[in-house]
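Descriptive structure summary
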Amino acid sequence: MATTINSVHGTNRRRFLKGLGAGLTALHVVPAHVLGGESGPAPSDKLNVACIGIGGRGRASVDACGGQNIIGLCDVDDAVAGNAYTTFPKAKKFRDFRKMLDELDKSIEAVTVGTPDHTHTVAAMDAMRRGKHVYCEKPLAHSIGEIRALMKAARERQVITQLGNQGHSTGTIRDF
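About the thresholds
Residues numbered from 1 in each chain as written. Predicted model: local features only at pLDDT ≥ 70, side-chain atom pairs only at ≥ 80, totals over all residues. Heavy atoms only, no water. 1 Å grid on protein atoms, 1.4 Å probe; cavity = no way out; pocket = protein on both sides within 12 Å on 5 of 7 lines; lining within 4 Å. Points joined across faces, edges and corners; volume = space filled by probe spheres on them. Helix = DSSP H or I, 4+ residues; strand = E, 2+ residues; numbered from the N terminus. Nonpolar A, V, L, I, M, F, W, Y, C, P; charged D, E, K, R; others polar. Core = buried A, V, L, I, M, F, W, Y, C linked by side-chain atoms within 4.5 Å. Buried < 20%, exposed > 50% of the residue type's maximum accessible area, 1.4 Å probe, protein only. Contact = heavy atoms within 4.5 Å. Axes fitted to C-alpha atoms, helices over the stretch in contact; angles between N-to-C directions. Parallel < 35°, antiparallel > 145°, perpendicular 65-115°, else oblique. Left-handed = near helix turned anticlockwise from the far one by under 90°. pLDDT = per-residue confidence, 0-100. Pairing = 2+ DSSP bridges. Right-handed = clockwise from strand over helix to strand, strands pointing away.

Moving on, we get to the layout of surface pockets. One number sums up the size of the largest pocket: a volume of about 350 Å³. In this structure, the largest pocket is lined by 18 residues; those nearest its centre are Cys65, Thr112, Val134, Tyr135 and Gln162. At the level of secondary structure, the elements contributing two or more residues to the lining of the largest pocket comprise helix 3 (57-64), strand 4 (110-113), strand 5 (133-137) and strand 6 (161-164). In the lining of the largest pocket, the residues fall into 10 nonpolar, six polar and two charged. Within this model, the second largest pocket holds a volume of roughly 290 Å³. For the second largest pocket, the lining is made up of 18 residues, of which Gly53, Asp75, Val76, Thr115 and Pro116 are closest to its centre.

Listed below in structure tokens is the structure:
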């Protein structure tokens, strides 16, 4: 029986290719600075974000997430949405946030809510119940009851939530 060098050392074609594939994959998830490149997040360090309400104040939330993977954009009015669709061409476009959350549910990690005030609670609650982290512009809700319901959902689903209060959501508020 002929013995090859590869079988003596416990390596065969399948193991070699498997190891090579794992090594190449690691190059895509290891931050660039580890490999001596420019500093920046690894692709695996970016969040998949869906944005509900992308015009007006909502657009500021979209732009603030621009370094992440914007995978869904939703607005009922294309004119108000402006050029957000062209700025983030890879994002799927929706007019109904419920359809967006249904379709992209497994891919979404975080949601921004920048809709008109009367829909903040509804959109934020739908996202939280699905286990998504939420950034919502103010006001979060119209009543203490709605606030308590959102707090309960956030605790139960263990999601991070933040209420945007423009100047109070940035580091400049702490500058003297």
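Counting 24 residues, the largest nonpolar core has Ile52, Met100, Ile108, Val111, Val113, Met128 and Val134 as the members making the most contacts within it. Discounting residues that sit within four places of it in the chain, Met100 has contacts with Ala50, Cys51, Ile52, Gly72, Leu73, Cys74, Phe94, Asp105 and Ile108. Val49, Cys65, Tyr85 and Ala110 belong to the second largest nonpolar core, which has 13 residues in total.

The next subject is the packing of helix 7 (residues 120-129) against helix 8 (residues 144-157). As a packed pair, helix 7 and helix 8 sit with axes 9 Å apart at the nearest point and diverge in direction by 20°. Comparing the axis directions of helix 7 and helix 8 gives the class roughly parallel. Here helix 7 and helix 8 pass one another in a crossing that is left-handed. Within the contact between the two elements, helix 7 uses Thr121, Ala124, Met125, Met128 and Arg129 and helix 8 uses Glu146, Ala149, Leu150, Ala153, Ala154 and Arg157. Class assignment for the residues of the contact of helix 7 with helix 8 results in seven nonpolar, one polar and three charged.

Below, the discussion takes up the confidence of the model for the protein. Within the protein, residue pLDDT values average 82, and 70% of them lie at 70 or more. Across residues 3-7, confidence stays below pLDDT 50; counting only partners more than four residues off in sequence or on other chains, it has two contacts.

With respect to the helices, strands and loops of the structure, Glu137 is situated in strand 5. Through-space distance from the C-alpha of Glu137 to that of His120 is 7.7 Å; in sequence the pair is 17 residues apart.

Next up on the list: the packing of helix 6 (residues 97-104) against helix 7. The interhelical angle for the contact between helix 6 and helix 7, taken along N-to-C directions, is 10°, at an axis separation of 11 Å. When the axes of helix 6 and helix 7 are compared, the pair comes out roughly parallel. Counting all contacts with helix 6, which are made through Phe97, Arg98 and Leu101, the residues of helix 7 involved are Val122, Ala123, Asp126 and Ala127. Its residues placed into classes, the contact of helix 6 with helix 7 shows five nonpolar, no polar and two charged.

Before going further, it helps to spend a moment on the pairing of strand 2 (residues 69-74). Burial runs high along strand 2: five of the six residues are buried. As paired elements, strand 1 (residues 48-52) and strand 2 share five bridges and run parallel to each other. Within the sheet, the bridge partner assigned to Ile52 lies in strand 2 and is Cys74. The β-α-β motif built from strand 1, the intervening helix 3 and the parallel element strand 2 has right-handed crossover chirality. In the sheet, strand 2 pairs with strand 3 (residues 92-94) via three bridges, with the strands oriented parallel. Within strand 3, the residue paired with Leu73 across the bridge is Lys93.

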